[in-house]
Amino acid sequence: MNRITILPSDVSQKIAAGEVIERPFSVVKELVENSLDAQATEIKVEIVEGGKRLLRVTDNGYGMSRDDALLAFERHSTSKISTEADLDHIRTLGFRGEALPSISAVSHIILQTSEKNGSSGTLIEREGEEVHRVEDIAFPQGTSIEVADLFFNLPVRKKFLRSERSELGQVVKYLTQAALASPEVRISLYHGKRKVFDYPRVGQLKERIFQVHGGDIIDRILEVDYKDGHLALFGYASRPPTGRRDRKQQFFYVNNRPVKDKTLQAALNQSYKSFLEKDHFAEAFLFLSLPLFDVDVNVHPTKTEVKFIDSSAIFRFVHRSLEQALLKAMGVKEIYPSQKEKTHEFFVSEFQKTPTSFGFKKRRPDEQALFPFPKSEKIEAIPVLGQYSNMYIVAAGKDELLIIDQHNAHERVLFDRYVEIDSQKKWPQKLALLPIVFDLSPSQIENFEGGRELLEGLGFRLEEMGGRSYALKEYPGIFKEDEAKDIFLSLLEDVQEERIEDKKHKLLATLACKTAVKAGEVLTREKMEYLVDELFKTSNFSLCPHGRPITVKIQKGEIEKGLKRAKN
Ligand code: ADP
Ligand code: MG
């Protein structure tokens, strides 16, 4: 029995499109890459309703002839490579000839282009697989591509599109990354009538970083500039001791292509490990250059990952480059500032004042029998045996030994407490001694606007100071003032979640994570006892709010077996 048929072209085109085009930002990405490949010095991106209704990318690149413009919509049509051998040395951002056919398969598209100013331009209008118009037009040199009604013929995909703000957020994020790689290109973004940003051309990466992130950042970063043979690393990264509480400001580029890469990320984090406080990470804008044939860029449908031929050599090189930069900036004698013990307030002062409901109640070990905690009546106390490796609390269960991750456990305890405070809307608010003033990037501003209400609900009050500057005037009184800004910036990343409950969960989980004891912290017996008691009162003592396990149990039977004490 024959079962196989070849799919009709419109079906296979839609399937192929799904690989490359997931949402509006992926269209923007492909179009902007084409503009950059066409050597544009000005790129304007306009989007309506987060790009779901309409998006347009206009450039002043070298444009297309009529024949090329028609051909560009055919699958595997490209001017960027022509033989298999070319795959070994791809210089351009695009090379597969898939973007335009993919985009046009799932939208209404109007392309206007001209190779030189004047009347010899071309307009092509298509809808899915159909060509509606091909006309002569007068057009300045360059190309403009307008994409309307994305996924009009793929209702399932369309259903997965998120809110206008969330799609816009992704566009801003991608364009920010692209803008950093091309300071010599003017890049602007308009959402409806609103100008989100317009970065004029500048000569250097540092100036572009300044345009994107505002003035503060310049004091926080140091230059990295290192070469060895065919390898070079250039860019900027955190100047210790400043760092962030998350890894979200780490941008990597390989031969100027923005990428996500585990090797580069690991090299960065490793290099900074001894220079930053625990649980702090570097910000970074790092550009790695290497011979084209030492890296495969053809490994991912959306071209956001690469494969190094020798990734351990890359790791070592990047690590060495960063170390050099750090040592130079710090002066060799001053290295390892993080070795200074950071005294961490274990429990937050506000809560200490209300011992029965929230706080860490001080008690002597022998006190427990006389004055049990009000809530723990039903639960038998679990004796703490000690701390192992400054990370784990070892406790004695009835028939098992418990090894409890101190950070995850505290996270769970605090998370439950924060959920309770939040449901009663009783966040303690603290007034900053002096307003904490800082600049936000366009991406962060979008997140803030989208999550403002939630963040204010938690007790943050941020005032606009004009331009990109904001002043943090109040913050939730559950951490110290010098942590307020960092924690606020971490939370800004969480409000991108689509559903409000998810946002809330993430915000509270992040808050719990940032205020919990860290792995590596020495804990007193009292703190450990408190934590273990509280842990077993929580809603879920086996998983932290991020879904990681909290406790490992070793059954008494296992111990007996290992020691050959088992009674058979
Ligand atoms: P690829 O970028 O992989 O070559 P695309 O489908 O994105 O494939 O584009 C097909 C071709 O159309 C490109 O190779 C290029 O020649 C031409 N093209 C697309 N966009 C532009 C543009 N903005 N300016 C000039 N030429 C373009
Ligand atoms: Mg392309």
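Because the structure is a prediction, the values reported are computed rather than measured.

Asker: What exactly am I supposed to notice about the site of ligand 1 here?
Answerer: In the region of ligand 1, 19 residues are neighbours, and Asn34, Thr78, Ser79, Lys80 and Gly97 sit closest. Asn34 is positioned such that a nitrogen or oxygen atom in its side chain is 2.8 Å from an oxygen atom of ligand 1. Taking Gly97, its main chain carries an N or O atom lying 2.7 Å from an oxygen atom of ligand 1. Within the complex, 94% of the 530 Å² of free accessible area of ligand 1 lies under protein. Sort the elements by how many residues they give to the shell around ligand 1 and helix α4 (residues 99-105) lands first, with three residues.

Asker: Is there a simple way to think about helix α6 (residues 164-181) in this case?
Answerer: Every α-helical turn comprises 3.6 residues, leaving residues that sit three or four positions apart pointing alike. An ideal rise of 1.5 Å per residue puts 26 Å on 18 residues; α6 measures up with 26 Å between its terminal C-alpha atoms. With 13 of its 18 residues buried, α6 lies for the most part within the structure.

Asker: Even after reading the chapter, I still don't get the side chain of Asn408, so can you show me in this structure?
Answerer: Within the element layout of this structure, Asn408 appears in helix α12 (residues 406-423). Among the residues examined, Asn408 registers a relative accessible area of 5% and is labelled buried. Within the structure, Asn408 has its side chain in polar contact with the backbone oxygen of Pro549 (distance 3.0 Å). In this view, Asn408 contacts Cys544, Arg548, Pro549 and Ile550; residues no more than four positions away in its chain are not counted.

Asker: Help me understand the layout of surface pockets in this model?
Answerer: One simple way to see leftover space: roll a probe sized like a water molecule over the atoms. By volume, the largest pocket amounts to about 1400 Å³. Taken together, 43 residues form the lining of the largest pocket, with Gln170, Lys173, Gln177, Phe251 and Lys260 sitting closest to its centre. Put simply, the parts of the chain that give the lining of the largest pocket at least two residues each are α1 (9-20), α2 (24-37), α6, β11 (250-254), β12 (257-259), α9 (262-272) and α13 (442-457). The dominant element in the lining of the largest pocket, judged by the number of residues it contributes, is α6, at six residues. Here the lining of the largest pocket is composed, by residue class, of seven nonpolar, 18 polar and 18 charged. Each pocket or cavity is described by its volume, and for the second largest pocket that value is around 830 Å³. In terms of lining, the second largest pocket is formed by 23 residues, of which the most central are Arg245, Arg247, Phe281, Cys513 and Lys514.

Asker: Just checking my understanding: could you explain the sheet that holds strand β4 (residues 118-127) for this structure?
Answerer: Think of a sheet as strands paired side by side through backbone hydrogen bonds, with each pair either parallel or antiparallel. The sheet built from eight strands is open, its strands ordered β5-β4-β3-β6-β2-β1-β7-β8 with mixed pairing. The open sheet has two edge strands, β5 (130-139) and β8 (194-199), and neither has a second partner. The average undirected angle you get between the axes of adjacent strands in this sheet is 10 degrees. In terms of strand pairing, β4 meets β5 through eight bridges, oriented antiparallel. Looking at β5, one finds that Thr122 is bridged to Asp136.

Asker: Sorry if this is basic, but what is going on with the packing of aromatic side chains here?
Answerer: Where two aromatic rings form a pair, the distance of their centres and the angle of their planes describe that pair. Evaluated as defined, the whole model comprises 14 aromatic pairs. Ring centres of Phe234 and Tyr236 lie 5.9 Å apart, and the angle between their planes is 75 degrees; on these two criteria the pair is classed as edge-to-face. Summarising the aromatic geometry, the rings of Phe438 and Phe488 are spaced 6.2 Å apart at their centres and angled 50 degrees between planes, so their arrangement reads as tilted. Here Phe438, found in strand β19 (residues 429-439), pairs with Phe488, found in helix α14 (residues 481-494); they are 50 residues apart in sequence, far enough to count as distant. For the pair shown, Phe438 and Phe488 are each scored as buried. Over the ring of Tyr190 we find Lys44; its NZ or CZ atom is 5.2 Å from the centre of that ring.

Asker: Help me understand the pattern of salt bridges in this model?
Answerer: Side chains that differ in sign of charge can pair as their charged atoms come close. For the structure shown, the criterion picks out 33 salt bridges. Here Glu49 ties to Arg53 by a salt bridge, and the two come within 3.1 Å at their closest N and O atoms. Accessibility expressed as a relative area gives 35% for Glu49, which makes it partly exposed. On the accessibility criterion, Arg53 (45% relative accessible area) is partly exposed. Note that Glu125 is salt-bridged to Arg133, the shortest N-O span being 2.8 Å. What emerges from the salt-bridge pattern is a single network uniting Lys29, Glu30, Glu33 and Lys303.

Conventions used here
Residues numbered from 1 in each chain as written. Chains lettered and ligands numbered in written order. Predicted model: local features only at pLDDT ≥ 70, side-chain atom pairs only at ≥ 80, totals over all residues. Heavy atoms only, no water. Near = heavy atom within 4 Å. Polar contact = N/O pair within 3.5 Å; in protein donor to acceptor, adjacent residues only side chain to side chain. Areas by Shrake-Rupley, 256 points an atom, 1.4 Å probe, with all protein chains shown as cover. Helix = DSSP H or I, 4+ residues; strand = E, 2+ residues; numbered from the N terminus. Expected span 1.5 Å × (residues − 1). Buried < 20%, exposed > 50% of the residue type's maximum accessible area, 1.4 Å probe, protein only. Contact = heavy atoms within 4.5 Å. 1 Å grid on protein atoms, 1.4 Å probe; cavity = no way out; pocket = protein on both sides within 12 Å on 5 of 7 lines; lining within 4 Å. Points joined across faces, edges and corners; volume = space filled by probe spheres on them. Nonpolar A, V, L, I, M, F, W, Y, C, P; charged D, E, K, R; others polar. Pairing = 2+ DSSP bridges. Axes fitted to C-alpha atoms, helices over the stretch in contact; angles between N-to-C directions. Phe/Tyr/Trp six-rings, centres within 6.5 Å; stacked < 30°, edge-to-face > 60°. Lys NZ or Arg CZ within 6 Å of the ring centre and 35° of its normal. Salt bridge = Lys/Arg side-chain N within 4 Å of Asp/Glu carboxyl O.

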